[in-house]
Amino acid sequence: PAAERMAELPYEERVGRAIAGIAKNFGVTKKRIESQLEAAWSHNWDRDPYARGAYSYSMVGGAESAKELARPIERTIWLAGEAADAKGRNGTVNGAIGSGRAAAEGAARAIAT
């Protein structure tokens, strides 16, 4: 219920609460967090007409799908997100972060060569 109430708040208030929470957790001022913040995004997955509140999941026979999504396309396009985590952490923030790091590292290697 608390998350549902939060999702209905105006964007500015959600961002403000996120900043306040980060500041509290790190023991710094909100002003310090705001000075380092480049951008903020928020999405209500429950209201998304395509996701409809769902996380990604593999269908029967699709155990290797995430690995396929994680492969770069012609060393120019890298996909990231919880559905593209080659380590099987689909449907999790951990998977989204891991695949994002892997995609960034792959892109950095391609640029360096």
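Chains are numbered independently. Their residues run from 1 in the order of the written sequence. In keeping with the predicted nature of the model, local features appear solely for residues at pLDDT of at least 70, side-chain atom pairs appear and are counted solely at 80 or more, and the whole-chain, interface and lining totals rest on all residues. For side-chain calculations, the full set of non-hydrogen atoms in the structure is used, while hydrogens and water are omitted.

Draft legend 1. Broad picture of the pattern of salt bridges. Every case where a carboxyl oxygen of Asp or Glu lies within 4 Å of a side-chain nitrogen of Lys or Arg is listed as a salt bridge. Here the structure, examined in full by the defined rule, presents three salt bridges. Across the pair Lys-67 and Glu-64 runs a salt bridge, and its minimum N-O distance is 3.5 Å. Burial status follows relative accessibility: with a 1.4 Å probe on protein chains alone, a residue under 20% of its type maximum counts as buried, one over 50% as exposed, and anything between as partly exposed. Classification of Lys-67 by relative accessible area gives partly exposed; the value is 37%. A residue is classified by how much of its surface remains accessible, and Glu-64, at 43% relative accessible area, is partly exposed.

Draft legend 2. Structural view of a nonpolar patch on the surface. Each patch is assembled from residues with relative accessible area greater than 30% and no salt bridge, linking like charges that lie within 9 Å and nonpolar side chains (Val, Leu, Ile, Met, Phe, Trp, Tyr) that lie within 5 Å. Surface accessibility in these figures is a Shrake-Rupley result with a 1.4 Å probe; residues are shielded only by whichever protein chains are displayed. Together, Leu-69, Ile-73, Ile-77 and Leu-79 give the surface a local cluster of nonpolar side chains, amounting to about 320 Å² of exposed area. Secondary structure elements follow DSSP: runs of H or I of four or more residues count as helices, runs of E of two or more count as strands, with numbering from the N terminus. Within the secondary structure layout, Ile-73 lies in the loop between helix 4 (65-70) and helix 5 (93-112).

Draft legend 3. Structural detail: the confidence of the model for the protein. The pLDDT value tells you how sure the predictor is about a given residue, anywhere from 0 up to 100. Across the protein, pLDDT averages 88, with 97% of residues at or above 70. Highest mean pLDDT in the protein belongs to helix 3 (residues 30-36) (95); lowest belongs to helix 1 (residues 2-7) (87).

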